[in-house]
2 protein chains.
Amino acid sequence: MNFVARALNLSISAAERLRERNILKRAFVKHDFFPDIVEALRLDRKFGFYEEGTVVIKTRTDEFVVRGFPKIKRALTLKPTLKRHFGNRMIAVEEKMNGYNVRIIRAGDSIYAITRRGLICPYTTEKARLEIPLDFFDEYPEFMLCCEAIGRASPYVQSYTYDIPGLEFYLFDIRNRRTNEPIGVEEREEIADRYEIKMVDILLKTNPEKVEDIKTVIEELNSRGREGVVFKDIEMKIDPMKYTTSLSNCYDLNYAFRFFAEYARDFMISRIVREAFQSFEFQNGKREFEERCFRLGKSILKPLIESIQDVKMGKKIVEASELYFYNREVLELFKMHLKLLGVDFRMKVIDEDDEKIKVLLERVMRSTTDRIRKILNGNPWR
Amino acid sequence: MNFVARALNLSISAAERLRERNILKRAFVKHDFFPDIVEALRLDRKFGFYEEGTVVIKTRTDEFVVRGFPKIKRALTLKPTLKRHFGNRMIAVEEKMNGYNVRIIRAGDSIYAITRRGLICPYTTEKARLEIPLDFFDEYPEFMLCCEAIGRASPYVQSYTYDIPGLEFYLFDIRNRRTNEPIGVEEREEIADRYEIKMVDILLKTNPEKVEDIKTVIEELNSRGREGVVFKDIEMKIDPMKYTTSLSNCYDLNYAFRFFAEYARDFMISRIVREAFQSFEFQNGKREFEERCFRLGKSILKPLIESIQDVKMGKKIVEASELYFYNREVLELFKMHLKLLGVDFRMKVIDEDDEKIKVLLERVMRSTTDRIRKILNGNPWR
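Residues numbered from 1 in each chain as written. Chains lettered and ligands numbered in written order. Predicted model: local features only at pLDDT ≥ 70, side-chain atom pairs only at ≥ 80, totals over all residues. Heavy atoms only, no water.

**A word on the overall build of chain A**
- Each helix and strand in chain A was counted, giving 12 helices and 16 strands.
- Against the globule reference of 21 Å for 382 residues, chain A gives a C-alpha radius of gyration of 22 Å, in line with a compact fold.
- For chain A, the C-alpha atoms occupy an extent of roughly 65 × 60 × 50 Å along the three principal directions.
- Within the span of chain A, comprising 382 residues, buried residues form 58% of the whole.
- Sequence-distant contacts in chain A: of pairs separated by 6 or more residues, those separated by 24 or more amount to 66%.
- Working note: accessible area of chain A is about 16,500 Å², and carbon and sulfur atoms make up 46% of it.
- Distance from the positive charge centre (68 side chains) to the negative charge centre (62 side chains) of chain A: 7 Å. (Helix = DSSP H or I, 4+ residues; strand = E, 2+ residues; numbered from the N terminus. Rg over C-alpha atoms; globule rule 2.2 N^0.38 Å. Buried < 20%, exposed > 50% of the residue type's maximum accessible area, 1.4 Å probe, protein only. Contact = heavy atoms within 4.5 Å. Areas by Shrake-Rupley, 256 points an atom, 1.4 Å probe, with all protein chains shown as cover. Lys, Arg positive; Asp, Glu negative; His and termini not counted. Charge placed at Lys NZ, Arg CZ, Asp CG, Glu CD.)

The structure is reproduced here in structure tokens:
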């Protein structure tokens, strides 16, 4: 615990207490694939000014903190929220892509990928080592690359909208891993360009009063089935703010209602409330309103009924994805990682050649399955 | 506290503890309109086998308990739930009306109406004294009449479906107020008939396997905009079970999303889940499914947007109803009663003649109003 206390600037007894209160948890499964890391612990909740997902890493020669990715506040209306938040500063309207948040760092000699909650993920790390240029960290050893991991071969969040069969990393922030201080938008563009790191699209640079221009961008994104935008102060002196499309709200609902017993009620209601504020602000006639009602209703009812039908047919409710591994050891390690996460899963190799192992991963949603089965068996509801 | 301890069969210290833990609360506002009642306390939570809403009443000459109305379990599918619950017993399929649950009793010389949570309501009592024959209690002094109070002049739940301008009482159970034991369906029918007490409709008497017949009844109810049914063992030896129509689910959602910050997330999600199970069991083609999606979406989105629009116009979100009183004292007493309930309200006399005082009651939904106002003022969401 001494290295945690030193890295977080706490007394040893304060660090011990974090552990006892179960705020400080294991961040990885020790393995040769993680040769540089001796120990790693993560904060499972916000603590002081340390974000949830903050990791403390001890390597053979070093110990350091990797700050959690900060929560980004959400605008429910563009007007007057943007103006109120950013004042007169120039902002970048950046595409918010729908994948999972990954911080990529170097520890010792290798690259590591850390998920939102602060776990060093072997699957993501394997892909990041192939995709991300190590020499970036020669120039900027203290920085982390904040990327969205996107594609069909994603173990956590699939997105079919981008037509990415594998898993790719789209950079959206570069931050000092110790202070969490970000670099400016234009400096990031320059670095991404120089190191040939894929970056999320910047759709517009404008000022916060140009709400009509911003609406046009969002409507266009929505029509392409995209998730939403993040507004960023060009200089990154002010916190970013996000805004999602109607499609994204419905997509989330579709997902949450398919696994309704696994998901928090708040998750569902907040998407519905967002949809209402958007409909209010983008108010565009009776026809569009009715389409929105239908879309919302369908994104709730359809997945629920599908889950009921699956259980009726004797199936378990699962979330399935096809993953690939370059290395069988990483595959075995990833199984241990899922156990560390507490995921209830089934895994099956479906194809294998010299280069890759293709695997079907099914996360079993036991609560939803059990709840539906009970009802179908004739048990009353409460 | 001694009378509570005696009535509930507790030690005095156990009764004191109920009070300290805030489970035992005041059940009424002392007033000449309640001449027989010296004291009345209610259970705000289930305690032992005493239901939430159980009341203990002390009159000048007596002290007794009035049991809370029991929670009725819900069937999410008709098949196999009914069969499983009722076995081979004959059941009555009774209309479940949409009003508020009232237990009507006699204490001393007068009639009293108690709401679900165990409050003696002056408004409801005034109406019950005019509608319910006192001589019923000469014959059955220990019984309570469990009724649904329905109509537009309802301070708690309005229902416009029944075309009842005032407030009427529909009997659905007669129970021993001390033991909560109900009398059989046919004995109740006989009593209602003899004392000319309005009773909820019994739509069918059948056995639990006749699911198709029951479905027909429910579809017919739904097409008339009615709420649902309660299934009852004719002999009332087995607990009843309820089932609601799609329209009722949507009505509830409409209500809950209009006042979304006041309502529990669970309330909303459970209606949605019911709707899915019904759609699954009544599965009737693509067209009906799409209509159901639209109906569901609209019953969520429309009230939310209306609330946003109201706040945008500078209004407060209120639930309004028109009530009438025969007696100004009851009006004043009812205001005190609403304060006891913790309701945030405004009240205005809108018409008055020799017979009646007409009043507009508006319950102010402060949380919803404040939440929306903040967002419209440009505050971010979390």
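**Regarding the sheet that holds strand S8 (residues 110-115) of chain A**
All names here are of chain A.
- The four strands are arranged S8-S7-S9-S10 in an open sheet whose pairing can be described as antiparallel. The two strands at the open ends of the sheet, each matched to only one other strand, are S8 and strand S10 (168-176). With strand direction ignored, the average angle separating the axes of adjacent strands in the sheet is 30 degrees.
- Of the strand pairs in this sheet, strand S7 (residues 100-107) and strand S9 (residues 143-150) are connected by five bridges, and their pairing is antiparallel. In the strand pairing of S9, Val102 is matched with Cys147.
- Each of S7, S8 and S10 touches helix H4 (residues 122-131); the most contacted strand, S8, lies at about 135 degrees to it. (Pairing = 2+ DSSP bridges. Axes fitted to C-alpha atoms, helices over the stretch in contact; angles between N-to-C directions.)

**So, the relation of the copies chain B and chain A**
- Each copy superposes on the other: chain B lies on chain A with an RMSD of 0.1 Å after a rotation of 180 degrees and an axial shift of 0.1 Å. Here the symmetry operator amounts to a two-fold rotation axis. (Least-squares fit on C-alpha atoms with pLDDT ≥ 70 in both.)

**Regarding the interface of chain B and chain A**
- Every contact between the two is made by 47 residues of chain B and, on the other side, 47 residues of chain A.
- Together chain B and chain A conceal approximately 4,500 Å² of surface at their shared face, both sides included; 80% is due to carbon and sulfur atoms.
- When the area that chain B buries against chain A is broken down by residue, the three leading residues are Phe280(B), Leu301(B) and Trp381(B), summing to 14%.
- Applying the counting criterion to the chain B and chain A interface returns two salt bridges.
- The partner of Arg265(B) in a salt bridge is Asp266(A), with the nearest N and O atoms 2.8 Å apart.
- Summed over the shared surface of chain B and chain A, the number is six residue pairs in polar contact (both at pLDDT 80 or more).
- Those elements that place two or more of their residues in the side of chain B that touches chain A are strand S5 (73-74), helix H3 (81-86), helix H9 (265-281), helix H10 (285-312) and helix H12 (366-376) of chain B.
- The element best represented in the side of chain B that touches chain A is H10(B), accounting for 16 residues.
- Among the residues forming the side of chain B that touches chain A, the class breakdown is 26 nonpolar, nine polar and 12 charged. (Buried area = accessible area lost by both parts, 1.4 Å probe. Salt bridge = Lys/Arg side-chain N within 4 Å of Asp/Glu carboxyl O. Polar contact = N/O pair within 3.5 Å; in protein donor to acceptor, adjacent residues only side chain to side chain. Nonpolar A, V, L, I, M, F, W, Y, C, P; charged D, E, K, R; others polar.)

**Overview of the sheet that holds strand S7 (residues 100-107) of chain B**
All names here are of chain B.
- Taking strand neighbours across the sheet as the criterion, the four strands line up as S8-S7-S9-S10 in an open arrangement whose pairing is antiparallel. Of all the strands in the sheet, the pair left with one neighbour each is strand S8 (110-115) and strand S10 (168-176). For this sheet, the mean inter-axis angle between neighbouring strands, taken without regard to orientation, is 30 degrees.
- Sheet topology note: the strand S9 (residues 143-150)/S10 ladder contains eight bridges and is antiparallel. Pairing of Leu145 across the sheet is with Ile174, part of S10.
- Against the sheet, helix H4 (residues 122-131) contacts S7, S8 and S10, and its axis sits at roughly 135 degrees relative to S8.

**Some details on the pairing of strand S15 (residues 345-352) of chain B**
All names here are of chain B.
- Sheet topology places S15 next to strand S16 (residues 357-364); seven bridges connect them, and they run antiparallel. Bridge assignment links Met347 to a residue of S16, and that residue is Leu361.
- Once S15 ends, the chain turns through four residues before running back antiparallel as S16.

**Let's talk about the packing of helix H9 (residues 265-281) of chain A against H10(B)**
- Between H9(A) and H10(B), the least distance of the axes is 9 Å, while the angle of their chain directions is 60 degrees. Judged by the inter-axis angle, H9(A) sits oblique to H10(B). Considering only the axes of H9(A) and H10(B), their crossing is right-handed. Contacts from Ile272(A), Val273(A), Glu275(A), Ala276(A), Phe277(A), Ser279(A) and Phe280(A) of H9(A) reach H10(B) at Ile300(B), Leu301(B), Leu304(B), Ile305(B), Ile308(B), Gln309(B) and Lys312(B).
- Tallied by class, residues from the contact of H9(A) with H10(B) come to 10 nonpolar, two polar and two charged. (Parallel < 35°, antiparallel > 145°, perpendicular 65-115°, else oblique. Left-handed = near helix turned anticlockwise from the far one by under 90°.)

**With respect to the environment of Ile357(A)**
- One can find Ile357(A) in strand S16 (residues 357-364).
- The contacts of Ile357(A), once residues within four sequence positions are left out, are Leu323(A), Tyr324(A), Phe325(A), Asn327(A), Arg328(A), Leu331(A), Val349(A), Asp351(A) and Glu352(A).

**Description of H10(B)**
- Across its 28 residues, H10(B) extends 40 Å between first and last C-alpha, which sits within 8% of the 40 Å expected from 1.5 Å per residue.
- Remark: the principal bend of H10(B), roughly 25 degrees, maps to Lys298(B). (Expected span 1.5 Å × (residues − 1). Bend = angle between axes of the 7 residues up to and from the residue.)

**Some words on a negative patch on the surface**
- Negative charge collects at one region of the surface, where Asp351(A), Asp353(A), Asp354(A) and Glu355(A) lie side by side.
- On the secondary structure map, Asp351(A) appears in strand S15 (residues 345-352). (Patch = residues over 30% accessible without salt bridge, like charges linked within 9 Å, V, L, I, M, F, W, Y side chains within 5 Å.)

**Comments concerning the domain arrangement of chain A**
- Domain assignment breaks chain A into domain 1 (2-66 + 98-195), domain 2 (73-95 + 202-244), domain 3 (246-312) and domain 4 (318-376).
- Distance from the C-alpha centre of domain 1 of chain A to the C-alpha centre of domain 3 of chain A: 32 Å. (Domains from an automatic or database assignment.)

**Here's the deal with the pairing of strand S3 (residues 55-59) of chain A**
Residue and element names in this part refer to chain A.
- With respect to burial, S3 is a largely interior element, four of its five residues being buried.
- In this structure, strand S2 (residues 37-43) lies alongside S3, joined through five bridges in antiparallel fashion. Residue pairing across strands places Arg42 opposite Val55, the latter belonging to S3.
- Both S3 and strand S4 (residues 63-66) contribute to a ladder of four bridges, which runs antiparallel. Bridge assignment links Ile57 to a residue of S4, and that residue is Phe64.

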